[in-house]
Amino acid sequence: MSVYLPRPFVVDAVERETADTVTLVIRPQSGLAPAMKAGQFAMLSAFGTGEVPISVSRIARDRLHHTIRHVGEATRALTALKTGDSLGFRGPFGTAWPLAAAVGKDLLVLAGGLGLAPLRPVLDYVMNHRDRFARVSVLYGTREVSQVLFGRDHKAWRSLMSLRMTVDHDVRQPDCAPWSGQVGVITKLIPKATYDAQNTVAMVCGPEIMMRFSARDLEASGIERANIHVSLERNMKCAVGLCGHCQLSNFLVCRDGAVLSYDRVAPLLTVREL
Amino acid sequence: MSNRRHILNADAFDQLFDALRDAGYTTVGPTLHDGAIVYDALTCAADLPVGWIDVQEAGRYAVQDTGSGRYFDYTVGPHTWKRFLRPPREPLFEAIRSGAGVAFHAAAAPEETYALMGVRACDLAALGVLDAVLTGQTYVDTRYATRRSRAFVVAVQCARAGNTCFCVSMNTGPRASAGFDLALTELKDAGRHVFVVEVGSPRGATIAAALGLRDSTEEDWAAARAVSAATAANMGRQLDTTGLVSLLQQEAENPLWNDIAQRCLACANCTMVCPTCFCTTVEIDSDLEQTRASHTQVSDSCFHASFTQMHGGPPVRDTTSARYRQWLTHKLSTWHDQFGHSGCVGCGRCVTWCPVGIDLTAEAARLRASHEERA
Ligand SMILES: Cc1cc2nc3c(=O)[nH]c(=O)nc-3n(C[C@H](O)[C@H](O)[C@H](O)COP(=O)(O)OP(=O)(O)OC[C@H]3O[C@@H](n4cnc5c(N)ncnc54)[C@H](O)[C@@H]3O)c2cc1C
Ligand code: SF4
Ligand code: SF4
Ligand code: FES
């Protein structure tokens, strides 16, 4: 069987998140949904357009959620899908967030923008197994209030963990309550979180520059590099280590990542155009 | 497995072509076309560039007729064996839509069964490199694996090194000792014109048996080894690989990359002629009714801007400097980390076929010198 052959999936529901972002709830046209782990991704394709890597944003018993932002050709077609439409699915691929390594410790989750989507399965896991972790803090930054994702989950999250949010710009929506969170970059939230740096696992996902500065500040606060995890993004055509596109120096991000510990990638993130 | 060595008279060389044809193989190998020695279908020994040699230098390639009557005195040209085992265009699958449903149909399995005639030691090593990438990881490129496992390899032990060859530095040649079905060393002097035939596999033994060859003598074998020793002593280029893996990664921000980029045209010639470059992208063609879409794998190059495209910004490797750094560093350094061995086998093609004559052995040496100066 060719590793390139997608499996036909069907859209079960479409959840609109923001003006440009939707969550597709999908299931196989026949058979069982593959077992996915938090942090893994799949190659999704709408008919006639390219396959693109999209992380799993919720792992239900027989359904997978993928939260997709329309930024170009392939994501336009994917975000235009309606309930009942078909799509291609290959996966799961890549490494997972190290949940087991965080058990018994403080967990620090830092998300920038759409980076909250690949981390939501981590928060789902915490909701179901809250007793396995010590303190759990979520720091979440977006460009503006209208970009905030998964608002419907926030109340539940706040009941079991600390959730702090910040926006780059406080653009008030006419029909919205005044913004109660912070304004400014996400790294400003780090000093506000309570954690024991010697006994913390941090998971960071967002634009590369956000991950770089966040990881730097987390390290400065005393967390060892090996306990800080980031999820890297590179152009991917195959997701199976065969096309060469996702190279970052000595890593094939699709094979060795996308989730990688900061001790392995820190020197690579400061070299331009690597 | 038999390690027996035989003698094949050059005037009976056609019998090997016949035996391969009878065994169901399509023989491909070197042939003269438009002033270059390329790989194409061969029906008999006369299709080989008999008596021709190639003259190679950084950015230069020419062929000359020497009238020697020898079959294999050239080295490697612009083609590589991947054009047969992993063609530049490969069908992946077709998506067929009916109503809201979709079905994906895998492309038919490849049918070709090739005999590769005249595979040099460097190129045999390159096949090993491709095997590790395309068949040695968790996920396997089944089309390549199918063609590769069927392919019959007739190696040729080089009697002449080209001016851009450096297989000795890369420890890949000039003598192939394994990985072939049959290996030929051509011996020609006033008295005789023969091939010493080494058998490297049971499949090779079957074909050798069909030829009814006589055994070689110790003297024949000594003569064959002397050919390789002489070739090894005549390498056109060399590359010091000591410590190169970490050295190149440490030199990621050396200004020399910008200096090379002043000359590099980012034309991707080096990646096209390299026998180990494996990168691909996917093209999609759909019909007007939007009911069928075919996905095709096509060769790609890290020199193309689209290779590292990300939405809403420049590609990750936007400058020629960053792209050349990726190419050279991947070949000589990061390939080791990714796959456990070098991505360069020292065939010299990228040096010869670079339109501006950029020589990776010289550039690696300059980076080493600059590194050591600061150390
Ligand atoms: C591991 C991983 C997980 C991801 N998870 C998500 C997710 O959960 N939700 C989501 O909306 N997006 C996610 N992305 C980004 C998403 O893959 C890109 O937005 C998408 O590839 C853009 O394709 P396009 O055709 O719409 O854009 P175009 O700009 O038209 O794409 C042109 C080319 O660039 C590639 N490309 C463009 N942007 C990116 C990018 N950011 N990363 C990788 N390749 C890119 C495309 O694949 C295509 O080959 C993820 C990326 C990676 C690597
Ligand atoms: S990098 Fe150049 S010399 Fe090395 S294998 Fe490729 S083409 Fe040959
Ligand atoms: S050098 Fe470039 S084209 Fe060749 S294998 Fe490496 S990334 Fe691919
Ligand atoms: S996406 Fe093809 S090698 Fe990683």
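Residues numbered from 1 in each chain as written. Chains lettered and ligands numbered in written order. Predicted model: local features only at pLDDT ≥ 70, side-chain atom pairs only at ≥ 80, totals over all residues. Heavy atoms only, no water.

A. Up close: the interface of chain B and chain A. Facing the 53 residues of chain B at the interface are 42 residues of chain A. On the chain B side of the interface with chain A, the three residues burying the most area are F104, Y139 and Q338 of chain B, jointly 17% of the side's total. There are zero salt bridges connecting chain B and chain A. Where chain B meets chain A, there are 19 residue pairs in polar contact (both at pLDDT 80 or more). Those elements that place two or more of their residues in the side of chain B that touches chain A are β6 (89-98), β7 (101-106), α3 (121-135), β13 (280-286), β14 (292-299) and α11 (320-339) of chain B. Looking at which element gives the most residues to the side of chain B that touches chain A, the answer is α11 of chain B, with eight residues. Looking at the side of chain B that touches chain A residue by residue, the classes come out as 23 nonpolar, 20 polar and ten charged. (Contact = heavy atoms within 4.5 Å. Buried area = accessible area lost by both parts, 1.4 Å probe. Salt bridge = Lys/Arg side-chain N within 4 Å of Asp/Glu carboxyl O. Polar contact = N/O pair within 3.5 Å; in protein donor to acceptor, adjacent residues only side chain to side chain. Helix = DSSP H or I, 4+ residues; strand = E, 2+ residues; numbered from the N terminus. Nonpolar A, V, L, I, M, F, W, Y, C, P; charged D, E, K, R; others polar.)

B. Region of interest: the site of ligand 1. Around ligand 1, 23 residues are found, and the nearest of them are P53, T75, E233 and K237 of chain A together with H311 of chain B. Taking G72 of chain A, its main chain carries an N or O atom lying 3.2 Å from an oxygen atom of ligand 1. Within the backbone of A74 of chain A, one N or O atom sits 2.9 Å away from an oxygen atom of ligand 1. In isolation ligand 1 offers 820 Å² of accessible surface; the protein chains occlude 88% of this area. The set of elements that each furnish at least two residues to the shell around ligand 1 consists of β4 (52-55), β6 (64-69) and α1 (73-79) of chain A. Each residue belonging to the shell around ligand 1 can be placed in one class, and the counts come to eleven nonpolar, seven polar and five charged. (Near = heavy atom within 4 Å. Areas by Shrake-Rupley, 256 points an atom, 1.4 Å probe, with all protein chains shown as cover.)

C. Expanded view of the nonpolar core. Core analysis: the biggest nonpolar cluster contains 119 residues, and L218 of chain A together with L116, Y324, W327 and L332 of chain B have the highest contact counts within it. If near-sequence neighbours (up to four positions away) are discounted, L332 of chain B is found in contact with M170, L239, L244, V245, L248, C344, L360 and A364 of chain B. Counting residues in each nonpolar core, the second largest holds 34 residues, with L8, F17, V154 and V199 of chain B among its members. (Core = buried A, V, L, I, M, F, W, Y, C linked by side-chain atoms within 4.5 Å. Buried < 20%, exposed > 50% of the residue type's maximum accessible area, 1.4 Å probe, protein only.)

D. Here's a closer look at the domain arrangement of chain B. Residue and element names in this part refer to chain B. Here chain B is described as being made up of domain 1 (5-89 + 109-232) and domain 2 (244-277 + 308-374). Centre-to-centre, using C-alpha coordinates, domain 1 lies 28 Å away from domain 2. Between domain 1 and domain 2, the contact holds 28 residues from the first and 25 residues from the second. Overall, the association of domain 1 and domain 2 removes approximately 2,000 Å² of surface from exposure, summing both partners, and the carbon and sulfur fraction of that is 66%. When the buried area of domain 1 at its contact with domain 2 is split by residue, K82, V129 and F166 rank highest and sum to 26% of it. Put simply, domain 1 and domain 2 have one salt bridge between them. For D123, the salt bridge goes to R349, with nearest N and O atoms at 2.7 Å. For the pair domain 1 and domain 2, the interface holds 14 residue pairs in polar contact (both at pLDDT 80 or more). (Domains from an automatic or database assignment.)

E. Here's a closer look at the layout of surface pockets. Residues and elements named next belong to chain B. When its volume is computed, the second largest pocket comes out at roughly 520 Å³. K82, P88, T271, M272 and S299 are, among the 26 residues lining the second largest pocket, the residues nearest its centre. Elements that contribute at least two residues to the lining of the second largest pocket include exactly α2 (82-85), α3, α10 (269-273) and β14. Class assignment of the residues belonging to the lining of the second largest pocket gives a composition of 13 nonpolar, eight polar and five charged. (1 Å grid on protein atoms, 1.4 Å probe; cavity = no way out; pocket = protein on both sides within 12 Å on 5 of 7 lines; lining within 4 Å. Points joined across faces, edges and corners; volume = space filled by probe spheres on them.)

F. Examining the site of ligand 2 more closely. Residues and elements named next belong to chain B. Neighbouring ligand 2 are 13 residues, the closest being C274, C344, C347, G348 and C350. Looking at the shell around ligand 2, the elements with two or more residues in it are α11 and α12 (349-352). Residue composition of the shell around ligand 2, by class: nine nonpolar, two polar and two charged.

G. Layout of the pairing of strand β7 (residues 86-93) of chain A. All names here are of chain A. Judged by how many residues are buried, β7 sits mostly within the fold: six of eight residues are covered. As defined by bridge partners, strand β3 (residues 41-45) adjoins β7 across four bridges and the pair is classed as antiparallel. In the strand pairing of β7, M43 is matched with R90. (Pairing = 2+ DSSP bridges.)

H. Inspection of the packing of α11 of chain B against helix α13 (residues 360-374) of chain B at higher detail. Residue and element names in this part refer to chain B. In contact at an axis separation of 12 Å, α11 and α13 are set at 90° when each is read in the N-to-C sense. The orientation of α11 relative to α13 falls into the category roughly perpendicular. Facing Y324, L328 and L332 of α11, the residues of α13 in contact are L360, E363, A364 and L367. (Axes fitted to C-alpha atoms, helices over the stretch in contact; angles between N-to-C directions. Parallel < 35°, antiparallel > 145°, perpendicular 65-115°, else oblique.)

I. Geometry of the packing of aromatic side chains. By the definition in use, this model includes 24 aromatic pairs over all chains. Here the aromatic rings of Y125 of chain A and F133 of chain A are separated by 6.1 Å at their centres, their planes lie at 80°, and the arrangement is edge-to-face. A relative accessible area of 24% places Y125 of chain A in the partly exposed class. Ring centres 5.5 Å apart and planes at 85° place the aromatic pair F278 of chain B and W335 of chain B in the edge-to-face group. Of this pair, F278 of chain B sits in the loop between α10 and β13 while W335 of chain B is found in helix α11, placing the two residues 57 residues apart along the sequence. Taking the relative accessible area as the measure of exposure, F278 of chain B reaches 3% and is therefore buried. Members of the aromatic cluster, each reached through a chain of ring pairs, are F13, F17, Y71, F72, Y74 and F195 of chain B. Seen from the ring of F150 of chain A, R120 of chain A lies directly overhead, with NZ or CZ sitting 3.9 Å from the centre. (Phe/Tyr/Trp six-rings, centres within 6.5 Å; stacked < 30°, edge-to-face > 60°. Lys NZ or Arg CZ within 6 Å of the ring centre and 35° of its normal.)

J. Seen up close, empty space enclosed by the protein. Residue and element names in this part refer to chain B. Summed over all chains, the structure comprises eight cavities of 30 Å³ or more. Considering the residues around the largest cavity, the lining is formed by 17 residues, among which C270, Y324, C350, C354 and I358 are closest to the centre. Sorting the residues of the lining of the largest cavity by element identifies α10, α11 and α12 as the ones contributing at least two each. A breakdown of the residues in the lining of the largest cavity according to their chemical character gives 16 nonpolar, one polar and no charged.

K. Focus on the domain arrangement of chain A. Residues and elements named next belong to chain A. Looking at chain A, the domain boundaries give domain 1 (7-92) and domain 2 (99-269). Computed over C-alpha atoms, the centres of domain 1 and domain 2 are 21 Å apart. Domain 1 puts 20 residues into the contact, and the matching count from domain 2 is 22 residues. Counting each side, the surface lost to burial between domain 1 and domain 2 is near 1,700 Å², with a carbon and sulfur contribution of 52%. When the buried area of domain 1 at its contact with domain 2 is split by residue, F41, R58 and R69 rank highest and sum to 30% of it. Across the domain 1-domain 2 interface, the total number found is four salt bridges. A salt bridge links E15 to R152, with the nearest nitrogen and oxygen atoms 2.7 Å apart. Here domain 1 and domain 2 share six residue pairs in polar contact (both at pLDDT 80 or more) between them.

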